Amino acid sequence: MKNIFIVLVFVLGISTITFGQQSINTDELIGYWRPDQTAGQLFFWKDVNGELQVQEISGTIGEPFILRDFRINEESIYVKITLPNANYTTKNYFTLIDNKTLKCEVTGDWTGTLIYSKIK
């Protein structure tokens, strides 16, 4: 009986996590996103071929980061950036909290969590 209860709790927990994630609509990402701390300003747009593009600009020195990798799926966005003329690289994993809020888990030369709000 105890094992059945543990399995039931595990299955319900996974179901809640799976159904609780927001699916990313790339059209809703388009615009300017501001972080809750001094960090990179984030911009999304679509190019002439309809492909989503991203640019991140340093919140401290105002220079654009060099985009090393950019991938998006239904549930997350991965962006790897480097600051020009510096040995500074981060990997940023974004998940959608709601259509106006992104959570960013940062690893690399800086580690932490940022919350981005859509401004425009």
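The preceding data block contains the structure.
Rules used throughout
- Residues numbered from 1 in each chain as written.
- Predicted model: local features only at pLDDT ≥ 70, side-chain atom pairs only at ≥ 80, totals over all residues.
- Heavy atoms only, no water.
- Helix = DSSP H or I, 4+ residues; strand = E, 2+ residues; numbered from the N terminus.
- Buried < 20%, exposed > 50% of the residue type's maximum accessible area, 1.4 Å probe, protein only.
- Contact = heavy atoms within 4.5 Å.
- Areas by Shrake-Rupley, 256 points an atom, 1.4 Å probe, with all protein chains shown as cover.
- Pairing = 2+ DSSP bridges.
- Axes fitted to C-alpha atoms, helices over the stretch in contact; angles between N-to-C directions.
- Salt bridge = Lys/Arg side-chain N within 4 Å of Asp/Glu carboxyl O.

Peer 1: Would you mind showing me how to read the overall build of the protein chain here?
Peer 2: Within the protein chain one finds 2 helices and 8 strands. Mapped in sequence order, the helices and strands of the protein chain form the string α-α-β-β-β-β-β-β-β-β. Here the protein chain, with 120 residues, has 28% of them falling under the buried criterion. In the protein chain, 28% of the contacts between residues at least 6 apart in sequence involve partners at least 24 apart. For the protein chain, the accessible area works out to roughly 7,800 Å², and carbon and sulfur atoms hold 55% of it.

Peer 1: Would you take a moment to explain the pairing of strand β6 (residues 89-98) for this structure?
Peer 2: On a regular strand, one side chain projects to one face of the sheet and the next to the other, so that they alternate. Judged from the 6 bridges that link them, strand β5 (residues 77-82) and β6 form a sheet pairing that is antiparallel. What sits directly across from I77, in β6, is F94. Between β5 and β6, which pair antiparallel and follow one another directly, the connecting turn spans 6 residues, one of which, N85, has a positive phi of 60 degrees. Of the pairings in the sheet, the one linking β6 to strand β7 (residues 101-108) comprises 8 bridges and is antiparallel in character.

Peer 1: Just checking my understanding: could you explain the sheet that holds strand β3 (residues 52-57) for this structure?
Peer 2: Pairing between sheet strands relies on hydrogen bonds along the backbone, with the strands arranged either parallel or antiparallel. Pairing within the open sheet is antiparallel, and its 8 strands lie in the order β3-β2-β1-β8-β7-β6-β5-β4. The open sheet has two edge strands with one neighbour each: β3 and β4 (66-72). Between one strand axis and the next, the sheet turns through 25 degrees on average, direction left out of account.

Peer 1: Quick question: what am I supposed to make of the pattern of salt bridges here?
Peer 2: It is possible for side chains of opposite charge to pair when their charged atoms get near one another. Tallying each qualifying case throughout the model produces 3 salt bridges. A salt bridge links D27 to K46; the shortest N-O distance between them is 2.6 Å. Residue D27 is located in helix α2 (residues 26-29), and its partner K46 is located in strand β2 (residues 41-46); the two are separated by 19 residues in the primary sequence. Given a relative accessible area of 31%, K46 falls into the partly exposed group. Residue D69 is joined to R71 by a salt bridge in which the shortest nitrogen-to-oxygen separation is 2.5 Å. Note on D69: relative accessible area 23%, which makes it partly exposed. Given the relative accessible area of 48%, R71 is considered partly exposed.

Function-wise, these values are silent; they only describe arrangement.
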